[in-house]
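Take a look at the letters that make up each chain.
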Protein chains: 2
Amino acid sequence: MEGVHRTHFATECTKELVGKRVTLNGWVHKRRDLGGLIFLDLRDRSGRVQVVFNPEISPEAVRIAEQVRSEYVLAITGKVVEREPGTVNPNMKTGEIEIQGEQVHVFNAAKTPPFMIQDDLDVDESIRLKYRYLDLRRSKMQKTMLIRHRAMQIVRQFLDQHGFVEMETPMLTRSTPEGARDYLVPSRVHEGSFYALPQSPQLFKQLFMVAGMERYFQFARCFRDEDLRADRQPEFTQIDIEASFLPTETFLSMMEEMVAKLFKETIGVEVPRPFPRLTYQEAMERYGSDKPDLRFGMELVDLSDILRDSSFKVFSGAIASGGQVKAITVKGCADWSRKEVDNWGQVAQAFGAKGLAWMALKEGGLKGSVAKFLSEEEVAAIQKATGAETGDMLFFVADNKKVVADVLGELRVRLAKALNLIDPDRYAFAWVTEFPLLEYSEEDNRYYAMHHPFTMPMEEDVPLLETDPGRVRAKAYDMVLNGFEIGGGSQRIYQRDIQEKMFQALGLSMEDAKEKFGFLLEAFEYGAPPHGGIAFGFDRIVMLLAGRTNLRECIAFPKTTSGTCLLTEAPAPVDEQQLNDLHIQIATQK
Amino acid sequence: MEGVHRTHFATECTKELVGKRVTLNGWVHKRRDLGGLIFLDLRDRSGRVQVVFNPEISPEAVRIAEQVRSEYVLAITGKVVEREPGTVNPNMKTGEIEIQGEQVHVFNAAKTPPFMIQDDLDVDESIRLKYRYLDLRRSKMQKTMLIRHRAMQIVRQFLDQHGFVEMETPMLTRSTPEGARDYLVPSRVHEGSFYALPQSPQLFKQLFMVAGMERYFQFARCFRDEDLRADRQPEFTQIDIEASFLPTETFLSMMEEMVAKLFKETIGVEVPRPFPRLTYQEAMERYGSDKPDLRFGMELVDLSDILRDSSFKVFSGAIASGGQVKAITVKGCADWSRKEVDNWGQVAQAFGAKGLAWMALKEGGLKGSVAKFLSEEEVAAIQKATGAETGDMLFFVADNKKVVADVLGELRVRLAKALNLIDPDRYAFAWVTEFPLLEYSEEDNRYYAMHHPFTMPMEEDVPLLETDPGRVRAKAYDMVLNGFEIGGGSQRIYQRDIQEKMFQALGLSMEDAKEKFGFLLEAFEYGAPPHGGIAFGFDRIVMLLAGRTNLRECIAFPKTTSGTCLLTEAPAPVDEQQLNDLHIQIATQK
């Protein structure tokens, strides 16, 4: 194989190398024969370069080049020459030169791939996943993987420089009593016992703080056996971070700096700091979402005060029974057809509204389902509150607080997308803070921790734990970007008295709590420092960095929504002997 | 909490800060009261500093300091002052100063820990593992974890700079047909099917090469459900690396550079390059091991030619039946007592020898079990071959090749340790190359791949695949250090014709092979580049860097040899409902 070793990558072959002899290694991207010459585009990880074989230069090389087809793996030696003026390709980095092929070595042949190795691909995703190794050859996928790699390095370097220690936590661990469904791993040695794959390293990272590691991070693989959606995977990667003794403000500002650096150094985006902050309450009120997309306005406006005494009972009735009436203004859409409005009404219903009331401020006067029910004063007050002008459309939802937020929050985002109101080049970061500490479950008639039972309540709300737990706000914070939650964290409880109050609010005795969280509570008795942290959804961050819309595009070997790997066909049946070794058997259907 | 936030780490408080007021956060390492003063050693991740509380400076601080005990978590504010000349502690980085305590804030109290937070610890390992969060507070453990962290960063940065892309592979994957026992994960969605946790990302990393990623790495968590020894863990971390188109020499030299950089930048050790190389055959012949400890000599010497016709039948008989007689020289130990020699004989027997023959070259003449059976010429020839001199002891083993190597290889290492022949500050790296491609199993009457079925045979040995498979050498290489294999890899087969010959040698038809390795073989048909790689045992490398002797010391939360986590008590029984969800049940004992 002497002489077949790469001297240059494809895209290193530019005008500076003209006259030099190079050896390239790579794949045949395409071949075409023209006027007795053979043209090959040779592709490697760096990109592509054109090679031309001329019988007058090397009949032997032509003879071999004639045999090769797309995706053959070659070594090519030849001289870098300038292209004829008319054949320069300004779209290619190497478009001013070509390689005059002198020798070809075929490392390997290739069958015709099931789809072309090109970016604009109209092929079923299942085929792409089955042949992922071919899909990953496409430059778009390579670019995404390289962004992922670069992102990992930037984050690691930042955290290292800020004194965070990368530490690994077990994958074979213990099933957690609260939370999502666990993936279980039967033990061969301990008959009838199971490991669980971690949903997150939460308990371990808090133990690192008790252990005095002070600043920890990990790119942690996490597992949740939940029903999957397009943006969920059974296994996912989170950037897991925890710190002791750090004031929250210092910590949040550090995280902003890290994320800004990440966006700057991967995709060249300047992220202004500090990030704006919204309380949970404000986010829900103005955007109907705890992860608002702040790239556009179209805020929700509360009209309850205006419509409390309205003669339109749909509105006043909802308010009287403790609900709200809120509206969003769709600029310049007063002329929408009935059909168009109905379509949005169906969306509203799909997200829980009984109906979508509307009013179009047309040149000629008001139109719409509620126009005739509102008084002139009410209309004037609504226009003032919403800022709606002639030519605008108003959508109203009257219902309880949750439905109003869900429906208008969803409509807001969908309308903005439909109307192209979103600048795809904008990256609107924010912190959402002061989340409720607890959520009430009507079903179980008890409170559950919204985040987890070690989340610190805000100092001024601690007394409420005993009197009105639902109103207690947590020292929790989510980082949101363009409508996605990309990270979430909190300060943790480290004082025993607050922890006990928390458990009481959750209806757990200290004994019950020890039963459930024994080793962490015990650890806290040996000198737990004040600490807190965050976990970023790394796959999602990569998705946003790479401008993709699906998590599967950002993971090298993802699973389908049914949890299948189409390449390896995992999961699969196993040998009886394997099950015997593990002391389990397939349960007969019940 | 104003005024309690750390301004400095403990060990930042040196003479340069004298006169400055600082706030420290950390744990009470110890407290002692002396002449009305209270002395606290405050510990944080950086180390320790002494704080003194004087009622004349702050009676309030003294009042609080009186309450605190070991492992309390404090914020302390005070002035940095020089110590009295007689009280300087030259063993402490902060030994020239102390903090004059003015304010104390108790973040948290602590119960008396079950063992002292100090390096020289005489406490059962099971207690340390149960309270791992306290064990990790010890400076030796912190140092090990920091070395582990630093090692990860150095390796990553090196590989990144050399064009390797960090890519993640699935943890939920498919059970592999050959290899160690898999950990299985029952699927909830696909009834009766199972994922397997990866034993290594071998197949995926080769797919990355087919995908044109060209250079890949990952710190990969791997799982093997084997019976555990002191230096095995059910889950372990390997530095997994693969590259396309790289000449083997270039690759090995890159890996040497990486490891040298790692040892230099973590523990300041200069590693000479290039590493010496030994073929597998040479390593076995000279050291009786394929991972020889090269920090000392005591090589095995083959005496078969000398003793072939010996009248001592134990020797000549072994040689006649195809075996060997080999010896090692134990310098200066001719005076060992019979008891001492017998002890070594028992070691030899434990590793498979029928007995250990010995001969002491005493001042007064020969002694030992074989002395009287050997002729003068034989003794002279043996002395010449081994270089043994008066005062030395010779140990002989006569048996088949494998037993001779096993026993003398083991004795060599144990003797060197017992005799203190090993310089603990030496790091003797080497490559062991040309491993046999195949191993014959008498039991199954067939060959097995020694590494895996995609390991490339040496070109000149390819014809032997059909005629004498046991003699085929592989393009495989192990990196060894001080008697440990720290990394192993190979060039891979990428040509279909060689792959078919390999399968034939393994007694597999192409159809069987597709059944077992289907998706990888299919991938190879679409343009596989020449590629190869290596995997380093990261836990073991950390062990050697940190000067530890047990892998458990190098993993934050390790498992015991029975696969138990003593902290979380994993594995553990789970709810019936969880098993129902997964369509499995505990098998009744058979």
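For chain A, an unreviewed UniProt entry supplies the name Aspartate--tRNA(Asp/Asn) ligase and the organism Laceyella tengchongensis. The heading Subunit (unreviewed entry) in the UniProt record of chain A holds the text "Homodimer."

(A) The arrangement of the sheet that holds strand β1 (residues 21-34) of chain B in detail. Residues and elements named next belong to chain B. The strand order around the closed barrel formed by 5 strands is β1-β2-β3-β5-β4, and the pairing between neighbours is mixed. The mean angle between the axes of side-by-side strands here comes to 55°, regardless of whether they run parallel or antiparallel. In terms of strand pairing, β1 meets strand β2 (residues 37-44) through 7 bridges, oriented antiparallel. What sits directly across from L34, in β2, is L37.

(B) Layout of the relation of the copies chain B and chain A. With an RMSD of 0.1 Å, chain B superimposes on chain A once it is rotated by 180° and translated 0.0 Å along the axis. Taken together, the rotation and translation relating the two chain copies correspond to the operation of a two-fold axis.

(C) The arrangement of the pattern of salt bridges in detail. In this structure the tally under the stated criterion is 106 salt bridges over all chains. A salt bridge links E569 of chain A to R174 of chain B, with the nearest nitrogen and oxygen atoms 3.8 Å apart. Of the two residues, E569 of chain A is situated in the loop between α16 (538-545) and α17 (576-581) and R174 of chain B in the loop between β6 (165-166) and β7 (184-186); the pairing between them involves two chains. Between D461 of chain B and R473 of chain B there is a salt bridge; the shortest N-O distance is 2.7 Å. Of the two residues, D461 of chain B is situated in the loop between β19 (446-449) and α13 (464-467) and R473 of chain B in the loop between α13 and β20 (476-481); the sequence distance between them amounts to 12 residues. With relative accessibility at 26%, the residue R473 of chain B sits in the partly exposed group. When salt bridges that share partners are traced, they join R128, R132, D135, R138, R548 and E553 of chain A into one network.

(D) View of the interface of chain B and chain A. At the interface, 126 residues of chain B touch 126 residues of chain A. In total, chain B and chain A occlude about 11,000 Å² of area from one another, counting both sides; carbon and sulfur atoms represent 56% of this. Linking chain B with chain A are 20 salt bridges, by the criterion used here. On the surface where chain B and chain A come into contact, there are 71 residue pairs in polar contact (both at pLDDT 80 or more). Considering only residue class, the side of chain B that touches chain A consists of 64 nonpolar, 31 polar and 31 charged.

(E) Here's a closer look at the UniProt feature "binding site: L-aspartate" (unreviewed entry) in chain A. All names here are of chain A. With numbering matched to this structure, UniProt assigns "binding site: L-aspartate" (unreviewed entry) to E178, R224, H451 and R492. For R224, the position within the fold is in the loop between β9 (215-223) and β10 (235-244). Under the relative-accessibility criterion, R224 is labelled partly exposed at 34%. In this structure R224 touches A180, R181, Y183, Q199, S200, P234 and F236, once residues within four positions along its chain are discounted. Side-chain polar atoms of R224 contact the backbone oxygen of Q199, separated by 3.3 Å. For R492, the position within the fold is in the loop between β21 (484-491) and α14 (496-505).

(F) Inspection of the state of the cysteines at higher detail. Applying the stated criterion across every chain yields a total of 0 disulfides over all chains. Take C222 of chain A: it sits in no disulfide, and the sulfur closest to it among the cysteines is that of C554 of chain A, at 17 Å. The structure places no disulfide on C565 of chain B, whose sulfur is separated from the nearest cysteine sulfur, that of C554 of chain B, by 17 Å.

Parameters at a glance
- Residues numbered from 1 in each chain as written.
- Chains lettered and ligands numbered in written order.
- Predicted model: local features only at pLDDT ≥ 70, side-chain atom pairs only at ≥ 80, totals over all residues.
- Heavy atoms only, no water.
- UniProt positions renumbered as here; feature names shortened; annotations may be inferred.
- Pairing = 2+ DSSP bridges.
- Helix = DSSP H or I, 4+ residues; strand = E, 2+ residues; numbered from the N terminus.
- Axes fitted to C-alpha atoms, helices over the stretch in contact; angles between N-to-C directions.
- Least-squares fit on C-alpha atoms with pLDDT ≥ 70 in both.
- Salt bridge = Lys/Arg side-chain N within 4 Å of Asp/Glu carboxyl O.
- Buried < 20%, exposed > 50% of the residue type's maximum accessible area, 1.4 Å probe, protein only.
- Contact = heavy atoms within 4.5 Å.
- Buried area = accessible area lost by both parts, 1.4 Å probe.
- Polar contact = N/O pair within 3.5 Å; in protein donor to acceptor, adjacent residues only side chain to side chain.
- Nonpolar A, V, L, I, M, F, W, Y, C, P; charged D, E, K, R; others polar.
- Disulfide = S-S within 2.5 Å.

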